[in-house]
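# Working through the structure, step by step
So the chains spell out like this:
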Amino acid sequence: MSEALPARGAGREPARGRRVRRDGAWPWLFVAPLTLGVAVFYLWPIAQTAWYSLTTFGVFGGTTFTGLGNYAEILGDPTLYRSLVNTLLYTAIVLLNIPIAVCLASLLNLPGLRFAAFYRVLYFLPYVAMPTAVAMVWRIIFNGDFGVLNWALGLVGIEGPYWISTPWASIVAVAVVGLWSSLGFSLIVLSAGLKNVPPELYEAAQLDGASRSRQFRSITVPLLAPSTSFLAVVTVIAGFQLFDLLYAVLGTTNPALPKSLSLVYYFYRAGFVDNDKGVAAATAMVILVLVGLATAVQFRLQRRWVRG
Amino acid sequence: MVEQLDRVAAPTRRDLAKAQRRRGGSHVVAHLVLGAGALVMAFPFLWQVVMSLSTNAEVQSVTPSFWPAHPQWGNYAAVFERLPFLEQFRTSVVITVVRVLAQILFCTAAGYAFARMRFRGRPVLLAAVLSILMVPSQVYLLSQYQIVADLGLLDSLGGLVLPGLFSAFGTFLMRTAFLGMPDELEEAARLDGANPFQVFWRVMLPLARPTISVLAITSTLWSWNELLWPLVVSTYAERMPLSAGLATLISDRTTDYPVVMAASLLATAPVLVLFVVLQRRVIDGLASSGLK
């Protein structure tokens, strides 16, 4: 068979260049398993969700076409907007990891700094740790009665809120965890970016008498622009996907939950708790549009910021 | 002129080195900042260790006890007695291993064909596969659930493992790796009469080893830590992987914090150990995969 198949391709593909070969059916064998899997479990579901979003699920099975009814329902639901605001607040706070990581990366990049590898590993640990597992300890750290955070705040005379069960505070608390867990990744990406900055630039600047902070502002920050804008895109996309940490830190019986949802949590609740697949599908489509918009805006900004 | 510059440059370089040594003092500041930061980053892990060895009363005391009076090693034994920890652990391992192997198999094969073989419809298929990268997972989750339910695979290993066998990101990653490889080796093997599979298996796959390890690492992390899918397809605690099992533990009926802390540590441990052992490779791999 392996001999017969290439022969079929031979007539169709004359040897034009080096890359034109007689592969016959081989490529299909290579591509088929993945493509079939992707078609069945990803592409078809995307189409189906778009359809779901226009239908209502009957109690006894079966679906009825209801047009934009689901969209009207969620767009009229204050909880959706609340979830959107929470998601944006979370994303905004987590974005702070980028400036922090820029400072830390430039320190880590100091010539002759010892223990740099050790620091890198420590900062990176939270990124690889299981979110639901680290959420457990953060729950206790944030505990209003016996949490170590409020104890520490008490030492300086601040009375901390019940972080987990106060709507706005819970988002801030979860965002702090998100910032903590993404800092290491940003640091690694920025360190890689810093390696591409020619050391001669710093040497020249030093000879010209530029101070360290001046070098940081005029060399490090602008030359890291490609890395920082990449991180901004990744952080915003991940921010819109907030679910794991929120779910695990808040717990399922939290009284503040309805006011502390993220967009994905709103989706999860509609689809798998309330079993309203149509509404969940419409929410998913809204998330799709929002993420697409955010990415498009960022690419537009990136072009300006990286070149300028 | 050039010689003059050289003569000027030589002493200044030495001066710079000297200046750097003199500046040793400012490295102290760097170490202070980086060290304080590292302490903040490590604190939750350290705190988790402390609490996993405390009594429940110590955890809930208003003034924190930074070291337990009598380390409660029994909390770790209790993890195995009171929770379906072993079952969940086993489930996590099976899901992760199967997915990593499947992704390596499917993604390297497809990535190779998309990068280096010519066939009709390639651009369309490639675009279709890669388009998923832009779509948030919620968009296909509902329908994936429906498919798995129709197959009768809810609450089973098959259902847990299924959609994650295929990865658009992995395909993208492997395709990029194969695109960057030199033509010569491949051509030479072909001239020696190797068929496309032999070229792939004997020549190209070994060259792709570094990227395959990146794929293995990223899919291990992703599979081990994933929450939403297992939460959706499994109802019984004994059949969940650790990520979802731990999350259900915290429902407020369980207030045995030290045991929960011990369980969380045990659940994170494999990935943390793997990372510490392979850190160079993980860090370089993630940095480069992220940047491309």
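Residues numbered from 1 in each chain as written. Chains lettered and ligands numbered in written order. Predicted model: local features only at pLDDT ≥ 70, side-chain atom pairs only at ≥ 80, totals over all residues. Heavy atoms only, no water.

Chain B has the name Multiple sugar transport system permease protein in an unreviewed UniProt entry, where Kineococcus aurantiacus is given as its organism. Here chain B is described in UniProt, under the heading Sequence similarities (unreviewed entry), as follows: "Belongs to the binding-protein-dependent transport system permease family." In UniProt, chain B has this text filed under Subcellular location (unreviewed entry): "Cell membrane". (UniProt positions renumbered as here; feature names shortened; annotations may be inferred.)

Under the annotation held in an unreviewed UniProt entry, chain A carries the name Multiple sugar transport system permease protein and is attributed to Kineococcus aurantiacus. As stated in UniProt under Sequence similarities (unreviewed entry), the record for chain A gives "Belongs to the binding-protein-dependent transport system permease family." What UniProt records for chain A under Subcellular location (unreviewed entry) is the sentence "Cell membrane".

### Topic: the UniProt feature "transmembrane region" (unreviewed entry) in chain B
Residue and element names in this part refer to chain B. Annotation from UniProt places "transmembrane region" (unreviewed entry) at residues 28–47, 93–115, 124–145, 157–178, 199–224 and 259–278. Between the C-alpha atoms that bound residues 124–145 there is a distance of 27 Å. The span itself is 73% helix and 0% strand. Secondary structure over residues 259–278 splits into 95% helix and 0% strand, and the C-alpha atoms at its two ends are 29 Å apart. (Helix = DSSP H or I, 4+ residues; strand = E, 2+ residues; numbered from the N terminus.)

### Some points on the packing of aromatic side chains
Residue and element names in this part refer to chain A. Counting across every chain of the model gives 38 aromatic pairs over all chains. Seen in terms of ring centroids, Phe 124 and Tyr 127 are 5.3 Å apart; in terms of plane orientation they differ by 35 degrees. Their pairing is tilted. Of this pair, Phe 124 and Tyr 127 both sit in helix H6 (residues 116–128), three residues apart, roughly one helical turn. Looking at Phe 124, the relative accessible area reads 0%, which means it is buried. A relative accessible area of 32% places Tyr 127 in the partly exposed class. On the numbers, 5.2 Å between centres and 70 degrees between planes, the contact of Trp 138 with Trp 180 is edge-to-face. Here the residue Trp 138 occupies a position in helix H7 (residues 131–141), and Trp 180 occupies one in helix H9 (residues 167–195), the gap between them amounting to 42 residues. Residue Trp 138 shares its accessibility class with Trp 180, and that shared class is buried. (Phe/Tyr/Trp six-rings, centres within 6.5 Å; stacked < 30°, edge-to-face > 60°. Buried < 20%, exposed > 50% of the residue type's maximum accessible area, 1.4 Å probe, protein only.)

### Focus: the packing of H9(A) against helix H12 (residues 225–240) of chain A
Two packed helices can be described by the angle between their axes and the distance between those axes. Residue and element names in this part refer to chain A. Interhelical geometry of H9 versus H12 gives an angle of 155 degrees and a closest axis separation of 9 Å. What the angle tells us is that H9 and H12 run roughly antiparallel. Once H9 is placed against H12, the crossing between them reads as right-handed. Touching Phe 185, Ser 186, Val 189, Leu 190 and Gly 193 of H9 are Ser 227, Thr 228, Phe 230, Leu 231 and Val 234, all from H12. Tallied by class, the residues present in the contact of H9 with H12 amount to six nonpolar, four polar and no charged. (Axes fitted to C-alpha atoms, helices over the stretch in contact; angles between N-to-C directions. Parallel < 35°, antiparallel > 145°, perpendicular 65-115°, else oblique. Left-handed = near helix turned anticlockwise from the far one by under 90°. Contact = heavy atoms within 4.5 Å. Nonpolar A, V, L, I, M, F, W, Y, C, P; charged D, E, K, R; others polar.)

### Thoughts on the domain arrangement of chain B
Residue and element names in this part refer to chain B. Entries for chain B in the domain assignment read domain 1 (29–71) and domain 2 (84–290). Computed from C-alpha coordinates alone, the two centres of domain 1 and domain 2 are separated by 33 Å. Contacts between the two partners involve 10 residues from domain 1 and, on the opposite side, nine residues from domain 2. Taking both sides of the interface into account, the surface hidden between domain 1 and domain 2 amounts to around 740 Å²; carbon and sulfur atoms contribute 73%. Ranking the residues of domain 1 by area buried against domain 2 places Gln 48, Ser 52 and Asn 56 at the top, with a combined share of 56%. For the pair domain 1 and domain 2, the number of links is zero residue pairs in polar contact (both at pLDDT 80 or more). When contributions to the side of domain 1 that touches domain 2 are tallied by element, the ones reaching two or more residues are helix H2 (24–52) and helix H3 (56–59). Among the elements that line the side of domain 1 that touches domain 2, the one with the most residues is H2, at five residues. Looking at the side of domain 1 that touches domain 2 residue by residue, the class counts come to four nonpolar, six polar and no charged. (Domains from an automatic or database assignment. Buried area = accessible area lost by both parts, 1.4 Å probe. Polar contact = N/O pair within 3.5 Å; in protein donor to acceptor, adjacent residues only side chain to side chain.)

### Let's talk about the UniProt feature "transmembrane region" (unreviewed entry) in chain A
Residues and elements named next belong to chain A. Those residues carrying the UniProt feature "transmembrane region" (unreviewed entry) are residues 25–44, 51–68, 88–110, 122–142, 162–190, 221–243 and 279–299 in this numbering. Taken end to end, residues 25–44 is 95% helix and 0% strand, and its two terminal C-alpha atoms sit 25 Å from one another. Between the end C-alpha atoms of residues 162–190 there is a gap of 35 Å, over a span that is 83% helix and 0% strand.

### Let's talk about the interface of chain A and chain B
Taken residue by residue, the interface counts 93 residues in chain A and 108 residues in chain B. Of the roughly 9400 Å² buried between chain A and chain B, counting both surfaces, carbon and sulfur atoms make up 74%. For the pair chain A and chain B, the number of links is 13 residue pairs in polar contact (both at pLDDT 80 or more). Per-element tally for the side of chain A that touches chain B: the top contributor is helix H2 (residues 26–52) of chain A, with 20 residues. Its residues assigned to classes, the side of chain A that touches chain B comprises 67 nonpolar, 12 polar and 14 charged.

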